[in-house]
Amino acid sequence: MSAWEGILYGFGVALQPAVLVYCLLGVTLGTFIGVLPGIGAMAAISLLLPITFYITPEAALIMLAGVYYGAQYGGAVASILLRLPGTPQSAVTTLDGYPMAQQGRAGVALFTSMISSFIGSILGIVVLVVLAGWLSRAATAFGAADYAAMMILGLVAASTIGAERPMKGFAMVVFGMILGCIGTDVNSGAQRFTFGQTELMDGINLVALAMGLFGVAEVIGNIRNAERQAAPEPVSLRQMMPTRDDLRRIPFPALRGTALGSFFGALPGTGSTLSSFLAYAMERRVSRSPERFGKGAVEGVAGPEAANNAAAITAFVPTLTLGIPGDPIMALMLGALVIHGVQPGPLMLEARPEMFWGLVVSFGIGNLLLLILNLPLIGIWVSMLRIPFRYLYPAILIFVCLGVYSVRGASFDIAAVALIGMAGYLLALARFSPALLLLGFVLGPLIETNLRRAMLISRGDPMVFLERPIACGFTIATAALILVSIWQAWRRHVSKAEEGK
Amino acid sequence: MNRDWADICGGAVLALLGLGVAINAGLRLDFGTLRAMGPGFFPTVLGAMLALLGAGVAVPAWRRGAKPVTIRWGDAAAVIAAILIFGLGMSRLGVVLACFLAVLIASLPAPHPGWRWRLVLACAVTVLTYIVFILGLRMSLPVWPRLP
Amino acid sequence: MTITRRAILALSAAAFAAPAFAQDWPTEPVHVYVGFPAGSSPDLLARIVTEPLAEKLGQPIVVENKPGAGGVIGIQQMLANAEGGHAIGTSINGPLTTSPRLVPDLGYDVAAYIAPIALVATSPLVLAVAADSEAADLQGFVDLAKAEPGALSYGSVGQGSGAHLTAELFDAEAGVEMLHIPFTSYAEVTTSIIGHEIDAGFMAPSAAMPQVEAGKMRMLGVTSAEPFAQVPDVPVIAGNAGVPGDFKAELWNAFIAPAGTDPAVIERLNTEINAILSDETVQQKLLDMGWQAAGGSADDLAARIGADTAMWGAVIDRIEAAK
């Protein structure tokens, strides 16, 4: 079946009234749980699993997939308005989205995020259809050494974003990596820094960390400050709409973000986190005025949002073409199929074309629904900011607690949020970047396991990082990036010294 | 003297933490070899790095002035207490009571006098929580207090 | 409060709070604790059984997903909520057999804290290699492994996981030595085998099957005593290629209750679960997921726990001695 025939066939599947209803249900619920801080796909799957037993497998998959990418749209809302990211991807969005909201430009930030998300998703679908075969080969060609080299490049490239002093940025990345060490060591089974708590054996809950560092810390810091400012004036429709200058700043960051997101999303593992951080780092690097970043730059929202939405789409590449779920949540969604006797695998495209093409077309329909659903909601979200903060923040705290609890039903995690929130407040006061801590926390364990795995597989030969072509490419790129940064720093130093004379 | 105390303290705490992690991991976890890195390899190396970076943040800050920061311990305590009451009390008190208490405690530091709005807020948030999480998301949570 | 104290408190509570009359049980919704997230294999398996079970008991069943520590948290949570006598659980073999050896501060003693109800299903593992592997069959694989000790590498889903311990048992019984590369999921192991990064892996049949059908992997043997219905063409490893005839390694899944639960309640649940497992549609659903319906009495399950604890204990001894 050619791609065109497939797409036509897919329309036949996805436009069935019942399937359409489940698609709408999925994306609506996805937006909703995305807006609720911390509530993630896990809670949605528990909620929807019983329903999936009674509907066709393609409707079930389309609905669950709708939740998966719909949550990406919603996730930006809490990040921009309240600095409450539920995932590391949306943590990147807080860097410029939240300052924009504080400047009274929340509407523009939300609009930018929606449009970029839409661009990222739609182009992601094109990439999925056109390059699925190539991307799936890339996914199996990547070995442990390649992953390790790639993650190290990502870490180096992104390790100074959002930090006023590079040293403080590096310290946060390393601190995050140390926190990532907590739990059972994958290679030896040894318990590291678990202090006898079984709840820590799987590590610190990522959502608890993100919520504590950003949300709770922000609440503590704002209880007094927010009251002093007068409640923002009602925003007129005109102020909500982006200016011509804003619109000009969206397309290219969105395209670059899409490119990054499409590629990294297809690699099993951390695609979307890495791509949104890299998209942000890239925008800052190519910008003629990097000093605007962190203070409300439109590009800082557009790039990462396009990246993580494109990644959410191409994340289905290994799942659909290889039958290998790219992340644990995807694996759980597939569980719903297995119970229908559908075994996702390399042959699914041939054996069950209605699943593949129906899903691909539903991505397009779902994203259109999301855009239609979300654009009118912008006004409502923005008006939420007019509620005095004293009414808002106790509710935020409760929602954060239940969001964190929803991940794995552990009260321990709520207690952890309290502790992390306190630490996050102190770190924020001393102006250490929580986003970099989160980056280190996510990438650290992946670098460690892949590096150690690569050394085990190569029987201890470090040359593997230069012998494997992919790893070699990343290693050279990392070295080049470090050299360029040092050279730039030296140039700045010299020119400053000359100015001093 | 008006030094950059935020960086001095922040850097020092991170340095000590890094040192502690490195020593703890070095003593208790197997370091391994380059071929077969043990569970202690990364924590030890990362801890040492954090110790150096922390010192790198703290030492230059000694010769630098900065606006002093004030830590609002009261606000922090109320927020932390609210979260802990909710998190640890939920299984016994049930979501409704735990939520009501947590909101009351969280609202204490808000600089707006009066009790009535706090009680109304606690009721409102509790109702909202019940609607969203129990009715909407059907999370499996104890709703009412469990009598002994 | 430490875990241990929590569990002990729960235990004593369970002993006193059991309902007075078993025939009235259940008087309120039953909570089934599962140590894995919603949508995972153990969770789906629990749901396949609990759906008809709720009908038979005349009370709703709430599946409580408490994932963590390889299923251990699910058991801890069942024990912590034992008060009231309406908390039961499902568990895979690990937390009941090997975790007491591998997890410090476990917080429960299987023999003293847990009352077995019934074995639900068993699953063997298959030895899978890439389609173009040099090993034509199990004999070829063993020959390759013997030719150069440590040259062949295999992937598992973690140190101490069923996949790892099975491979160690195979090493010992076949007299070979393979290099262990721990991963965190079968998805990663599969990618790594297909990408020729590692040579083999003991995998869940349902994880290997799609790749085998697509011609990317081959299955050289199955670890059960008899051929497994989901992959009937794959030869058993026992008695093949120099492996002793009593070689057998199976994962399983069982219903359990906190110790102190009324024996009549256990008896009732055992009867109902056995009835459910004898239904052919249930058996087929389980088989589609790679599980063979089992059943049997509570004492059978207790015996199974004892036997497997001893068997895997010996394997763990060997791994620790090799360190």
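Residues numbered from 1 in each chain as written. Chains lettered and ligands numbered in written order. Predicted model: local features only at pLDDT ≥ 70, side-chain atom pairs only at ≥ 80, totals over all residues.

Colleague: Help me out: how do you make sense of the overall build of chain C in this one?
Modeller: Across its full length, chain C carries 13 helices and 11 strands. Computed over the C-alpha atoms, the radius of gyration of chain C is 20 Å, within 12% of the 20 Å expected from 2.2 N^0.38 for a compact globule of 323 residues. Seen through its C-alpha atoms, chain C measures out along the principal axes to roughly 65 × 45 × 30 Å. Expressed as a percentage of the 323 residues in chain C, the buried residues total 57%. For chain C, long-range pairs separated by at least 24 residues make up 76% of all intrachain contacts whose partners lie at least 6 apart in sequence. (Helix = DSSP H or I, 4+ residues; strand = E, 2+ residues; numbered from the N terminus. Rg over C-alpha atoms; globule rule 2.2 N^0.38 Å. Buried ≥ 20, exposed ≤ 12 C-beta atoms within 10 Å, placed from the backbone. Contact = placed C-beta atoms within 7 Å.)

Colleague: Is there a simple way to explain the nonpolar core in this structure?
Modeller: Proteins that are soluble and globular tend to have nonpolar side chains buried together. Ranked by size, the top nonpolar core spans 347 residues in total, and within it L397(A) and V417(A) carry the most contacts. Dropping the residues within four chain positions of it, L397(A) is found in contact with V219(A), V79(B), A82(B), I83(B), A102(B) and A106(B). (Core = buried A, V, L, I, M, F, W, Y, C linked by C-beta atoms within 7 Å.)

Colleague: What's the story with the interface of chain C and chain A in this structure? I'm lost.
Modeller: Note: interface size is frequently given as the accessible area lost on complex formation between the parts. In this assembly, 45 residues from chain C lie in contact with 41 residues from chain A. Going through the elements one at a time, β2 (61–65), α3 (72–80), β7 (179–182), α9 (186–194), α10 (205–213) and α12 (280–288) of chain C are the ones with two or more residues in the side of chain C that touches chain A. In terms of residue count, the dominant contributor to the side of chain C that touches chain A is α10(C) (five residues).

Colleague: Looking at this structure, how should I read helix α4 (residues 116–136) of chain B?
Modeller: Note: α-helices contain 3.6 residues per turn, so residues at a spacing of three or four share the same orientation. Residues and elements named next belong to chain B. Its 21 residues place the ends of α4 28 Å apart at the C-alpha level, agreeing with the 30 Å of an ideal helix rising 1.5 Å per residue. Turning to α4, its buried residues number three or more, namely R118, L121, A122, V125, T126, T129 and F133. A positive backbone phi angle near 55° is found at R138, which sits one or two residues after α4. (Expected span 1.5 Å × (residues − 1).)

Colleague: Quick question: what am I supposed to make of the packing of helix α8 (residues 166–181) of chain A against helix α21 (residues 434–457) of chain A here?
Modeller: The relative placement of two packed helices comes down to the angle between their axes together with the axis-to-axis distance. All names here are of chain A. At a minimum axis distance of 6 Å, the contact between α8 and α21 shows a crossing angle of 45°. Here α21 runs oblique to α8, going by the angle between their axes. Considering how the two elements wind past one another, α8 and α21 form a crossing that is right-handed. On the side of α8, the interface is formed by G169, M172, V173, V174, F175, G176, M177, L179 and G180, while α21 contributes L436, L437, L438, L439, G440, F441, G444 and P445. Here the residues of the contact of α8 with α21 are counted per class, giving 12 nonpolar, five polar and no charged. (Axes fitted to C-alpha atoms, helices over the stretch in contact; angles between N-to-C directions. Parallel < 35°, antiparallel > 145°, perpendicular 65-115°, else oblique. Left-handed = near helix turned anticlockwise from the far one by under 90°. Nonpolar A, V, L, I, M, F, W, Y, C, P; charged D, E, K, R; others polar.)

Colleague: Mind showing me how you'd approach the sheet that holds strand β9 (residues 217–222) of chain C here?
Modeller: In a beta sheet, neighbouring strands pair by backbone hydrogen bonds and run either parallel or antiparallel. Residue and element names in this part refer to chain C. In spatial order, the strands read β7-β6-β8-β5-β9; together these five strands make up an open sheet with mixed pairing. Two strands close off the open sheet at either side, each with one partner strand: β7 and β9. Looking at each pair of strands side by side, their axes are set apart by 30° on average, direction ignored. Bridge count for strand β6 (residues 153–156) against β7 is four bridges, and the pairing is parallel. Across the sheet, residue Y154 finds its bridge partner in β7, namely H180. (Pairing = 2+ DSSP bridges.)

Colleague: Whenever I open this one, the domain arrangement of chain C confuses me. Can you help?
Modeller: Residue and element names in this part refer to chain C. The domains assigned to chain C are domain 1 (5–123 + 250–321) and domain 2 (126–248). Domain 1 and domain 2 are separated by 29 Å when their C-alpha centres are compared. Residue-level contacts link 15 residues of domain 1 with 15 residues of domain 2. Mapped onto the side of domain 1 that touches domain 2, the elements with two or more residues apiece are α4 (93–97), β10 (250–258) and α13 (298–322). (Domains from an automatic or database assignment.)

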